[in-house]
Amino acid sequence: MVRVTDVLYVRYQVTDLIRMESFLRDFGMYPAVPCDGQRLLMRGSGDAPYVYEAVLGETCRFLGAGLQVASRDDLVRLAALDGSGSIEAMSEISTGGERVRMRMPDGFEIDAVLCAGVPGAVRTPLDPDFNSAHSKPRKNESVRVSRTPWPVKRLGHFVLHVSDHDASVNWLRERLGLLASDHLGVPGEPVRVIGSFLRVDGGKHWVDHHCMLIVQSPEPGVHHCSFEMDGLDAVMAAHDFLLEKGYTLDCGVGRHLLGSQIFDYWRDPFGFRIEHYTDGDVVNDEHRATVFTGTADETTQWGAKPPKDFFE
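1. Quick look at helix 4 (residues 232-244)
And step 1. The end-to-end C-alpha separation of helix 4 is 18 Å, in line with the 18 Å expected for 13 residues at 1.5 Å each.
And step 2. When helix 4 is considered as a whole, its buried residues turn out to be Ala234, Val235, Ala237, Ala238, His239, Phe241 and Leu242.
And step 3. If you follow the buried residues of helix 4, they end up packed against helix 1 (17-27), strand 15 (248-256), strand 16 (262-267) and strand 17 (273-278).
And step 4. The positive-phi residue at the C-terminal boundary of helix 4 is Gly246, with phi of around 85°.

2. Description of unusual backbone geometry
And step 1. In this structure, the amide linkage connecting Gly252 to the following residue, Val253, adopts the cis form with an omega of 5°.
And step 2. Of note, Val253 is situated in strand 15.
And step 3. For Asn140, which is not a glycine, the phi torsion comes out positive at approximately 55°.
And step 4. Here Asn140 shows up in the loop between strand 8 (109-114) and strand 9 (154-162).
And step 5. Residue class for Asn140 comes out exposed when judged on its relative accessible area of 90%.
And step 6. Even without a glycine there, the phi angle at Ser260 is positive, about 70°.
And step 7. Summarising the element assignment, Ser260 is placed in the loop between strand 15 and strand 16.

3. Focus on the pattern of salt bridges
And step 1. Going through the model one piece at a time under the given rule, you end up with 22 salt bridges.
And step 2. For Arg99, the salt bridge goes to Glu92, with nearest N and O atoms at 2.7 Å.
And step 3. A network of salt bridges, in which partner residues are shared, links Arg11, Arg39, Glu53, Arg101, Arg103, Glu109 and Asp111.

Basis of the calculations
Residues numbered from 1 in each chain as written. Predicted model: local features only at pLDDT ≥ 70, side-chain atom pairs only at ≥ 80, totals over all residues. Heavy atoms only, no water. Helix = DSSP H or I, 4+ residues; strand = E, 2+ residues; numbered from the N terminus. Expected span 1.5 Å × (residues − 1). Buried < 20%, exposed > 50% of the residue type's maximum accessible area, 1.4 Å probe, protein only. Contact = heavy atoms within 4.5 Å. Salt bridge = Lys/Arg side-chain N within 4 Å of Asp/Glu carboxyl O.

Below, the structure is given as structure tokens:
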């Protein structure tokens, strides 16, 4: 079985690349290569060649995402499956790479990618040492955090609305080896699962609680994409900066129940939901999935509560 090792990028189509680039710069990304007027590639401070792709089109829509595989043999196996494209070169990045593009049951394009990491040109400043009531490691030093676009580190996860939850989860499990970390159930009907938090299969190694969430919905599409930040100061400073710039806050700041992330959701200029987060759970093969049957507003431990229809 092919097992992906990480999530790399998301892909959208928008009607104005200039507006999108301006927003993404303020959100904490920078161009991986100069925009050619047809395609925008943005990266973070991690080693992914890019974390966000936007292409120019007449409508706005989510196109798909890319996930890293471990070897070219994985690409060969995936290319042989029904509904897969052939192995193609990633000409958009100077360091090269290859991918196989596949389509999920609802038409989302999922790329299996084999590429080398590229050190980021921007380094995320670390949070200063935290002086708690029990330990005070920061001495003779003050905290000074500026309200600026703090760099995102990497794409952490994305969330899809699908017409058939079970079919989509099975497709991702069988092709890419993704595992369920937790599930969403219908309140009062815990045996009917309508959402699954999926992670890469790292075996004994620690991996993020989820790289993807699949949710049953009458209207397939993207719910949000989420980018990891280097600590709470980064999330909060970026929050204030985005407010001052006049962007639309969707829901934040708060701490999730499932995955434990400290979250901050925004809307981009085209209405898509996009998230900053930090301090998410990591799990390994000893983790056992649970089924959460509460409402969306019950998924926040502290802070801003999303509305009950947040995942619909």
